[in-house]
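Observations on chain architecture
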Amino acid sequence: MHLRLQIALLVGTFCSVQSFVIKTSNKSSADNAGDLVKDEDFSVSSLLERANINVGKGRSDPLVMFGDIAVDPELKNADPCTARGCLWPRATDGKVYVPFRISNQYSARERNTIMQALASFASSTCIRFIPLDRQRDFVNIQSRSGCFSFVGRRGRAQVVSLSRQGCVFNSVIQHELLHALGFNHEQQRSDRDSNVRILLENVEPGQESNFRKIQTINLGTPYDYNSVMHYGRFAFSRNRQPTILPIPDNNAVIGRATQMSTQDISRINLLYRCSECR
Ligand SMILES: [Zn+2]
């Protein structure tokens with residue numbers, strides 16, 4: 001009896017230290033640089049661009065800016081969101097539970113793809129997407145006019161739009177959920193100018209805001225061309241010329257991730273202090 005009590009105390013004293021198995025492949029970095037526009041067809045930014053032709057035009061859609069970021073019209077000049085306290089809360093067991101609801105608009109197959117992407121966060125981070133059960137704040141996954149998400153926790157139901165026409169891919173789902181967790185695009189990082197050159201002269205008029213720099217919190221992590229949050233080199237090009245050029249190696253592969261990179265995973269773990277107790 002006494003021994004059992006001691007064990008219980010020990011278990012209660014130490015929260016479980018999680019060792020994360022980072023499951024990513026480095027395939028894309030071994031690929032050739034792929035300067036051809038056709039090679040970009042499955043980059044996250046190409047998928048977003050194609051799916052978002054009519055984004056924000058649905059009657060109940062929020063204002064969508066910077067490619068796929070939903071904003072409240074009155075908040076469009078707000079500071080980067082983690083400074084507003086928009087992280088999802090950590091539970092006492094050290095995990096971060098993010099309730100979700102998936103609309104019944106999806107086919108069984110699409111729903112399964114979404115569920116797998118949600119589950120992918122659990123294998124390498126302390127984020128746990130859990131089915132909504134009366135919690136107040138949750139992500140409401142719906143097929144609206146394109147692929148978009150708010151940045152960070154917004155309070156109450158927040159839409160993550162994954163249109164059935166072009167957004168139900170693992171890379172895009174992880175990308176939009178990373179926005180909902182508080183992350184911005186990689187090429188908008190505060191230190192991006194030492195890593196990429198933005199060629200605004202090649203950007204479609206009206207799309208310049210996609211390349212606006214943000215005072216991001218970089219958590220000491222290096223700039224990452226292989227992030228699922230990095231756009232491809234021809235993103236929003238008006239003339240099939242590059243809009244993002246990696247520097248100093250102009251031939252480096254950028255924006256071709258098909259899943260979260262090792263750095264994407266590290267950043268979640270840092271931002272949410274996944275390996276710390278309480
Ligand atoms: Zn995005």
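Throughout, residues of each chain are indexed from 1 in the direction in which the sequence is written. The model is predicted, so local features are restricted to residues of pLDDT at least 70 and side-chain atom pairs to those at 80 or more, both for listing and for counting; the totals for chains, interfaces and linings are taken over all residues. Where side-chain values are given, they derive from all heavy atoms of the structure, hydrogens and water being excluded.

**Description of the coordination of the zinc ion**
Each protein donor to the zinc ion is listed here as D68 (OD), D68 (OD), H175 (NE2), H179 (NE2) and H185 (NE2); together their distances run 2.0 to 2.2 Å. Here the donor residues of the zinc ion share one chain and are spaced in sequence as D-x106-H-x3-H-x5-H. Here D68 is found in the loop between β1 (63-65) and β2 (69-71), whereas its partner H175 is found in helix α5 (residues 170-180), with 107 residues between them in sequence. Here D68 matches H175 in class, with each residue buried. Listed donors are limited to N, O and S atoms within 2.8 Å of the metal, widened to 3.2 Å for Na, K and Ca; water is not among them, so incomplete-looking sites are possible. Helix numbers and strand numbers start at the N terminus; a helix is a DSSP run of H or I with at least 4 residues, a strand a run of E with at least 2. Burial status follows relative accessibility: with a 1.4 Å probe on protein chains alone, a residue under 20% of its type maximum counts as buried, one over 50% as exposed, and anything between as partly exposed.

**A word on the pairing of strand β4 (residues 127-131)**
Bridge count for strand β3 (residues 96-102) against β4 is 5 bridges, and the pairing is parallel. Directly across from V98, in β4, lies its bridge partner F129. You can see the chain leave β3, run along helix α4 (residues 108-120) and come back into β4, and the turn it takes is right-handed. Strands pair, by our definition, only if DSSP identifies at least two bridges between them. A clockwise path from the first strand over the helix to the second, with the strands pointing away from the viewer, defines a right-handed crossover.

**Side note on the state of the cysteines**
Here, two cysteine sulfur atoms that lie within 2.5 Å of each other are counted as a disulfide. Per the stated rule, a full pass over the model turns up 2 disulfides. Two residues, C126 and C274, share a disulfide whose sulfurs are 2.1 Å apart. On the sign convention where negative means left-handed, the S-S torsion of about -65° between C126 and C274 marks this disulfide as left-handed. Taken together, the residues C126 in the loop between α4 and β4 and C274 in the segment after α6 (262-271) connect sequence positions 148 residues apart.

**Some details on α5**
Here α5 lies mainly inside the structure; 10 of its 11 residues are buried. What α5 keeps buried is the set S171, V172, I173, Q174, H175, E176, L177, L178, H179 and A180. Phi turns positive one or two residues past the end of α5, at G182, with a value near 120°.

**Examining the environment of M115**
Looking at where M115 falls in the secondary structure, it is placed in helix α4. Separated by 58 residues in the primary sequence, M115 and I173 have C-alpha atoms spaced 9.7 Å apart. A contact between two residues is defined here by any heavy atoms of the two lying within 4.5 Å. Every residue in contact with M115, bar those within four places of it in the chain, is listed here: F100 and I102.

**Digging into the pattern of salt bridges**
In what follows, salt bridge is the name for a side-chain nitrogen of Lys or Arg lying within 4 Å of a carboxyl oxygen of Asp or Glu. This model, assessed by the stated rule, comprises 11 salt bridges. The closest approach of N and O atoms between R267 and E186, which form a salt bridge, is 3.2 Å. On the criterion of sequence distance, the pair formed by R267 in helix α6 and E186 in the loop between α5 and β8 (196-198) is long-range, its members being 81 residues apart. As far as burial versus exposure is concerned, R267 and E186 are alike and both buried. Residues D193 and K213 are paired through a salt bridge, measuring 2.6 Å at the closest nitrogen-oxygen approach. Residue D193 is found in the loop between α5 and β8, and its partner K213 is found in the loop between β8 and β9 (244-246); the two are separated by 20 residues along the sequence. Judged by relative accessible area, D193 falls into the partly exposed class, the value being 41%. For K213, a relative accessible area of 37% corresponds to the partly exposed category.

**Focus on the environment of F234**
Here F234 shows up in the loop between β8 and β9. F234 sits 11 residues away from L245 along the chain, and the two C-alpha atoms are 9.0 Å apart.

**Things to note about the UniProt feature "active site" (unreviewed entry) in the protein**
UniProt positions are given in the numbering used here, feature names are shortened, and annotations may be inferred rather than shown by experiment. UniProt tags E176 as "active site" (unreviewed entry). Mapping E176 onto the fold places it in helix α5. Excluding anything up to four places from it in sequence, E176 contacts L48, D68, C147, F148, S149, V160 and L162.

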